[in-house]
Amino acid sequence: MALITAANISLGYDKHSIVKELNFTVNSGDYLSIVGDNGSGKSTLMKTLLGLVPLISGQIQFADGLKANEIGYLPQQTVIQKDFPAAVREIVLSGCQGRCGLRPFYNREEKKLAMQNMERMGITDIKDRPYRNLSGGQQQRVLLARALCATQKVLLLDEPVAGLDPNVTSEMYTLVEKLNNEGITIIMVSHDITAAVQYSSHILHMGETVFFGSKEEYLKSSAGKKFLFDFEHVEEKNYA
């Protein structure tokens, strides 16, 4: 079942298009990786799906009662965000804000949900620690728990492993895969094409060449072959 359908959408800022006439669908249970060159509009697409950036043209449809404010979102972190002084439990609980309506406080069910998601992410032992004092991997687990408080349907993850060491990166991918196996639809922006091909069910390639389809179709496409070749060539140079 299609949860999100993008039909002939154009994305950008101040009516200046970065991407034109993009089409794709995201079905319930999909794991979609969005790949492509820097500046190709990947993060802009994320913000457009969330309603943070208006569409220039085209249409995005949400099904199954899904609303933009019911999508869990893990954005790229800034230096200021990494230094946020609040405690872990406060940050996770803030993911329930969309459930509060006009209430100025969190109820028992929301506090229970926050605790359950901290347990899912394995961070209950640090729930009272300041967020700013955590490692990068711990901070990402906190933000994932927060995002899960907003949704049980769709998670949007913008470069969730950026800046993490290889072991923590592997742990993060395993966590996201586990959530997908539990039925949560994943949409992830990634520069790691190897991981995208390993974990994804579908690939959206943005840039000079646009591709959308299953990962098997992507691997056979000219866009996929070229991007994989370029990525592997860069990796070889980095380790030389």
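Residues numbered from 1 in each chain as written. Predicted model: local features only at pLDDT ≥ 70, side-chain atom pairs only at ≥ 80, totals over all residues. Heavy atoms only, no water.

### Quick word on the sheet that holds strand β5 (residues 72-74)
Working step 1: Read from one edge of the open sheet, six strands run β5-β6-β7-β3-β8-β9, paired in mixed fashion. The open sheet has two edge strands, β5 and β9 (211-214), and neither has a second partner. Mean inter-strand twist for the sheet, computed between neighbouring axes without regard to direction, equals 15°.
Working step 2: Bridge analysis of β5 against strand β6 (residues 154-158) gives three bridges, and the strand direction is parallel. Each bridged residue has a counterpart across the sheet, and for Gly72 the counterpart in β6 is Leu155.
Working step 3: The strands that helix α7 (residues 166-181) touches are β3 (31-36), β6 and β7 (185-189); relative to β7, the one it contacts most, it runs at about 145°. (Pairing = 2+ DSSP bridges. Helix = DSSP H or I, 4+ residues; strand = E, 2+ residues; numbered from the N terminus. Axes fitted to C-alpha atoms, helices over the stretch in contact; angles between N-to-C directions. Contact = heavy atoms within 4.5 Å.)

### Let's talk about the pairing of β3
Working step 1: Burial of β3 is extensive: six of the six residues sit out of reach of the surface.
Working step 2: Residues Tyr31, Ser33 and Val35 of β3 are buried on one face, and the alternating residues Leu32, Ile34 and Gly36, pointing to the opposite face, are buried as well.
Working step 3: The pairing of β3 with β7 spans four bridges and is parallel. Its bridge partner lying in β7, Ser33 is registered against Met188.
Working step 4: Across five bridges, the pairing between β3 and strand β8 (residues 202-206) is parallel. Its bridge partner being in β8, Val35 is matched across the sheet by His205. (Buried < 20%, exposed > 50% of the residue type's maximum accessible area, 1.4 Å probe, protein only.)

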